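These are the residues of each chain, in order.
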Amino acid sequence: MKPGDVVLITYPFTDLSAIKLGPALVISSVEYNQRQDDVIFLPITHNVSRISQEDVTIQTIDDGFQETGLKRASAIRVGKIFTLQKDLPKSRLGNVSVELLNKIRLSLKKLLVIP
């Protein structure tokens, strides 16, 4: 797995009340993924009506949408970083464009107050 890959995984809600199957974005580096048992992800939601200002949206009309493997407009939940074992993703759906990945990196940088 590499940064920008969109994968299908089962992951828990933040309150641990349930789990769901859904897409997520790999944000950890190839080097990190090779030396660790876990991968760092951002969840992707189709519920674009309740996104936060940190989230990055992708619309069906955006350049590169087809390559993501997503079926409808979505939001990448930048403030919901999580890790899972690297063998848990069910399948690779696609990948985001370099431009979108750079938007996500910028949002992460602002969220984490990285100079």
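It should be noted that the structure appears before, not after, this text.
The structure contained in this document is the topic of the report that follows. Nothing here was measured: the structure is a model prediction, and the numbers come from that model.

As for the nonpolar core
Leu 25, Ile 76, Leu 100 and Ile 104 are the most contacted members of the largest nonpolar core, which totals 15 residues. Of all the secondary-structure elements, those providing two or more residues to this core are β3 (38-45), β4 (56-58) and α3 (98-111). The element best represented in this core is α3, accounting for four residues. Those residues in contact with Ile 104 that lie beyond four places of it in its chain are Leu 25, Leu 42, Val 56, Ile 76 and Val 78. Grouped together as the second largest cluster of nonpolar side chains are nine residues, Val 26, Val 39, Phe 41 and Phe 82 included.

A word on the pattern of salt bridges
Enumeration according to the criterion identifies three salt bridges in this entry. The closest approach of N and O atoms between Lys 2 and Asp 5, which form a salt bridge, is 3.1 Å. Look at Asp 5 and you get buried, because its relative accessible area is 4%. Of the charged contacts in the structure, one is a salt bridge between Asp 55 and Arg 77, with a shortest N-O distance of 2.7 Å. Here Asp 55 is found in the loop between β3 and β4, whereas its partner Arg 77 is found in the loop between β5 (74-76) and β6 (82-85), with 22 residues between them in sequence. Asp 55 gets classed as buried once you look at its relative accessible area, which sits at 9%. Look at the salt bridges and you will find they share partners, linking Lys 2, Asp 5 and Arg 92 into a network.

Conventions adopted
Residues numbered from 1 in each chain as written. Predicted model: local features only at pLDDT ≥ 70, side-chain atom pairs only at ≥ 80, totals over all residues. Heavy atoms only, no water. Core = buried A, V, L, I, M, F, W, Y, C linked by side-chain atoms within 4.5 Å. Buried < 20%, exposed > 50% of the residue type's maximum accessible area, 1.4 Å probe, protein only. Helix = DSSP H or I, 4+ residues; strand = E, 2+ residues; numbered from the N terminus. Contact = heavy atoms within 4.5 Å. Salt bridge = Lys/Arg side-chain N within 4 Å of Asp/Glu carboxyl O.

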